[in-house]
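What follows is each chain in one-letter form.
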Amino acid sequence: MNRENMEWCVSMPKVELHAHLNGSVRNSTLFELARALGEKGVIVFSDVENVIMKDDRTLHEVLKLFDLIHILTTDHSTITRITKEVIEDFASENVVYLELRTTPKRNGSIGMSKRSYMDAVMEGLRAVNSVDVDYCPTGLKNDTVNGTARKKIYVRFLLSIDRRESTEAAMETVKLALEMRDLGVVGIDLSGNPIVGNWGTFLPALKFAREQGLYITLHCGEVPNQEEIKAMIEFLPQRIGHACCFDKENWKKLKTAKIPVEICLTSNIRTETISSIDIHHFVDLYKEKHPLALCTDDSGVFSTSLSGEYGLASSAFSLGKTEMFQLAENAIDFIFSDDGVKANLRATFKASVEKLD
Ligand code: 6MZ
């Protein structure tokens, strides 16, 4: 990918639908936090440095890395800080609509409940000042300052259920999402180590979420558990993430059901879920016009960006600027927001066409 192309990918408006908060933290912030905890004797800084800098990790190792990241980030003020930084980072590369997902965490030793964790997230969102943020249906801020149009980003939240959690804990997360609807929480995600936990454990909470009108996206097919993949497709979530290890039958089912897929190229390659980019299932889905959106997954952990994912798709699959723009615009169809937001986003894309060469 040459520099000119990369700059074009940065300047194009984009929609990010699959980004985990704690996976999107800047390395510089992780180092700063690790150094501070190292000085306090809580961790050994050099151990952390090596782990963070390693760039070829299996999926299992990546998920272990999150346990370390969580030690570094899980207090209220740090959660506020990383939320602010992550939103500003996405906005700075012209992401105009961001659905950020995070697992609400409880930590009795520092007085953290799932609710107070999410309050810290919301505080981070309100602290963003490099860009105007629309974060709830009625929360549209004035988008002009001194008559000059300011950059704007829509931010919505998905609450993640970690596969390590019990039915009760999953239900608590869904209830929290319902409580925080007016603050821009729009849906539920199921994520975490795909070899941990059973689909049946989360089903009651997911069914309840759906009954209550929350949107649902599931990490699906990160490992070849065909029985679970089948059950997930039959549940008909509004979107799924990854869709890597499907057998023929489930692949057919997915296509028939037309469930939009959140595609995370760099993540799949780095974690060796897909052995090589030229055999990535993006190609098949793209050719068949199956609904899909390019996403980062964990931009910090995988040292990527949404512009970088478009750049990668462009070079790996020979997509021209028109195709990339269309791909980015099509993602509007799969956002977990109403038609008004969709119409505004389409207008943003339309206006940007004239500015892009
Ligand atoms: C499955 C993943 C993931 O929620 O603490 N997570 N789950 N597969 C992946 N692919 C690489 N990447 C991230 O963000 C980190 C959490 O997101 C999930 C894991 O549960 C991880 O602990 P939050 O903000």
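The following paragraphs examine the structure supplied in this document. Per chain, the residues get numbers from 1 upward, laid out in the order the sequence is written. Note on the predicted model: pLDDT of at least 70 is required for a residue's local features to be given, and 80 or more for side-chain atom pairs to be given and counted; whole-chain, interface and lining totals, by contrast, use all residues. To get the side-chain values, take all heavy atoms of the structure and skip hydrogens and water.

**Quick word on the pattern of salt bridges**
Line of reasoning, step 1. A pair is scored as a salt bridge if a Lys or Arg side-chain nitrogen falls within 4 Å of a carboxyl oxygen belonging to Asp or Glu. Evaluation of the coordinates by the stated rule reveals 24 salt bridges.
Line of reasoning, step 2. Among the salt bridges present, the one from Asp-89 reaches Arg-26, with a minimum N-O distance of 2.8 Å. Placement of Asp-89 in helix H5 (residues 76–92) and of Arg-26 in the loop between strand E1 (14–20) and helix H2 (27–39) is noted, with a sequence separation of 63 residues between them.
Line of reasoning, step 3. Burial status follows relative accessibility: with a 1.4 Å probe on protein chains alone, a residue under 20% of its type maximum counts as buried, one over 50% as exposed, and anything between as partly exposed. For Arg-26, a relative accessible area of 31% translates into the label partly exposed.
Line of reasoning, step 4. With a shortest N-O distance of 3.0 Å, Glu-32 and Arg-81 are connected by a salt bridge. Placement of Glu-32 in helix H2 and of Arg-81 in helix H5 is noted, with a sequence separation of 49 residues between them.
Line of reasoning, step 5. In this structure, a network of salt bridges that share partners links the residues Arg-26, Glu-32, Arg-81, Glu-85 and Asp-89. Each helix is a run of H or I in the DSSP string that is no shorter than four residues. Each strand is a run of E no shorter than two, and both are numbered from the N terminus.

**Looking at the site of the ligand**
Line of reasoning, step 1. Every one of the 20 residues lining the ligand counts as a neighbour, but His-70, Thr-102, Thr-103, Lys-105 and Asp-298 are closest to it.
Line of reasoning, step 2. Whenever two N or O atoms come within 3.5 Å, that pair is a polar contact, provided that in protein one can donate a hydrogen and the other can accept it, and provided that, for residues adjacent in sequence, both atoms are side-chain atoms. At a separation of 2.7 Å, an oxygen atom of the ligand approaches a polar side-chain atom of Thr-102.
Line of reasoning, step 3. Measuring from a nitrogen atom of the ligand, one finds a side-chain N or O atom of Glu-222 at 2.9 Å.
Line of reasoning, step 4. In terms of residue count, the dominant contributor to the shell around the ligand is helix H4 (residues 59–73) (four residues).
Line of reasoning, step 5. Three categories are distinguished: nonpolar for Ala, Val, Leu, Ile, Met, Phe, Trp, Tyr, Cys and Pro, charged for Asp, Glu, Lys and Arg, and polar for the others, with Gly belonging to the last. Its residues assigned to classes, the shell around the ligand comprises five nonpolar, 10 polar and five charged. We call a residue near a molecule or strand as soon as one heavy atom of that residue lies within 4 Å of the molecule or strand.

**Topic: the packing of helix H1 (residues 3–11) against helix H13 (residues 306–317)**
Line of reasoning, step 1. Helix axes use the C-alpha atoms of the stretch in contact, all axes being lines fitted to C-alpha atoms, and the angles between their N-to-C directions lie in the range 0 to 180 degrees. Running from N to C, H1 and H13 point in directions that differ by 130 degrees, and their axes come no closer than 8 Å. As far as their axial angle goes, H13 and H1 are oblique. Judged by the sense of rotation from one axis to the other, the crossing of H1 with H13 is right-handed. Residues Asn-5, Met-6, Cys-9 and Val-10 of H1 pack against Ser-307, Gly-308, Tyr-310, Gly-311 and Ser-314 of H13.
Line of reasoning, step 2. Residues belonging to the contact of H1 with H13 are distributed by class as follows: four nonpolar, five polar and no charged. Between 65 and 115 degrees an angle is taken as roughly perpendicular, under 35 as roughly parallel, over 145 as roughly antiparallel, and anywhere else as oblique. The crossing is said to be left-handed when, going from far helix to near helix, the turn is anticlockwise and less than a right angle, and right-handed when the turn is clockwise. Contacts between residues were defined by any pair of non-hydrogen atoms, one from each residue, lying within 4.5 Å.

**Focus: the environment of Tyr-97**
Line of reasoning, step 1. One can find Tyr-97 in strand E2 (residues 95–102).
Line of reasoning, step 2. Separated by 158 residues in the primary sequence, Tyr-97 and Lys-255 have C-alpha atoms spaced 26 Å apart.
Line of reasoning, step 3. Those residues within four positions of Tyr-97 in sequence are excluded, and the remaining contacts are Lys-14, Val-15, Glu-16, Leu-17, Ile-153, Tyr-154, Arg-156, Ile-335, Phe-336, Ser-337, Val-341 and Leu-345.
Line of reasoning, step 4. In terms of polar contacts, Tyr-97 uses its side chain to reach the side chain of Ser-337, at 2.8 Å.

Spatial relationships are all this shows, so hold off on functional conclusions.
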